[in-house]
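Reading the structure
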Amino acid sequence: MKVAIFASGNGSNFEAIAKSDELHNVGLEIELVVCDQKEAHVIERAAKYDIPVFINQLSDYPNRGAYEQAIIEKLKPLQIEYILLAGYMRVVTPVLLAAYPNHIINIHPSLLPKFSGLEAIERAFEAGDAVTGVTIHYIDEGVDTGPIIKQEKVVRLTNDTEESLEARIHQTEHQMYRQVILDLLNKTNGVDKK
Ligand code: GAR
């Protein structure tokens, strides 16, 4: 299964997927990283795994549709089946959605629909929520909306700082994203078919 991973920043979720032998052994092929920030750390991480990066900045285009059309032109010849958003901090427009209907997956660090948008972990911490979590979902035209694939809770401990809570959320994200991709691979490989 050929995928492209979209990321804007650190890229820890990208790396959790890229370094997983289990996923590669059942057919995951990361063909490309698409990154909209030329200084993002994910670019260095991708180089470690010899995965090409398409750095594509919105400021180089007249509008978001043209920016996404350039991405589609890159993905088409690679025969990408799924797009995995991993810290991609842009709302996807109908242009890309129409090219990959029901084949774009996002990870978000909260129990959606709570705390959609930016700084979800910080906002959950400041709100004093006893339980927060992680959501993986297919995207639609909204901000962090669309059919949920998997949700997991992360409990806030009494002595948690925002940083310690964030670290546990990221750990949960990395495990969850690998599991969701594994399930998807098993499904597309026919393992689940009776
Ligand atoms: C992750 O926590 C991801 O859930 C979040 O950005 C972070 C990226 O971390 N995504 C969103 O908030 C999407 N709305 P990473 O670059 O280390 O993978």
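Bear in mind that the values here come from a model prediction, so they are computed numbers and not experimental data.

With that settled, consider the layout of surface pockets. In this structure, the largest pocket occupies an estimated 780 Å³ of space. For the lining of the largest pocket, the elements supplying multiple residues, two or more each, are α1 (12-18), β5 (104-108), α6 (120-127) and α7 (162-188). Element by element, the count of residues in the lining of the largest pocket is highest for α7, at 4 residues. Among the residues making up the lining of the largest pocket, the classes are represented as 14 nonpolar, 12 polar and 8 charged.

Moving on, we come to the side chain of Glu15. Mapped onto the fold, Glu15 is located in helix α1. What makes Glu15 buried here is its relative accessible area of 10%. For Glu15, the side chain forms a polar contact with the side chain of Lys48, separated by 2.8 Å. Those residues in contact with Glu15, other than ones at most four positions away along the chain, are Arg45, Lys48 and Tyr49.

Let us now look at the UniProt feature "domain: Formyl transferase N-terminal" (unreviewed entry) in the protein. In the UniProt entry, the feature "domain: Formyl transferase N-terminal" (unreviewed entry) is given for residues 1-181. For residues 1-181, the end-to-end C-alpha separation is 10 Å, with 36% helix and 23% strand making up the annotated structure.

As a further point, take the environment of Ile148. Looking at the element boundaries, Ile148 is found in strand β7 (residues 148-155). Residue Ile148 is classed as partly exposed on the basis of its relative accessible area, which comes to 45%. Counting along the chain gives 110 residues from Ile148 to Lys38, while the straight-line C-alpha distance between them is 31 Å.

Quick notes on the rules
Residues numbered from 1 in each chain as written. Predicted model: local features only at pLDDT ≥ 70, side-chain atom pairs only at ≥ 80, totals over all residues. Heavy atoms only, no water. 1 Å grid on protein atoms, 1.4 Å probe; cavity = no way out; pocket = protein on both sides within 12 Å on 5 of 7 lines; lining within 4 Å. Points joined across faces, edges and corners; volume = space filled by probe spheres on them. Helix = DSSP H or I, 4+ residues; strand = E, 2+ residues; numbered from the N terminus. Nonpolar A, V, L, I, M, F, W, Y, C, P; charged D, E, K, R; others polar. Buried < 20%, exposed > 50% of the residue type's maximum accessible area, 1.4 Å probe, protein only. Polar contact = N/O pair within 3.5 Å; in protein donor to acceptor, adjacent residues only side chain to side chain. Contact = heavy atoms within 4.5 Å. UniProt positions renumbered as here; feature names shortened; annotations may be inferred.

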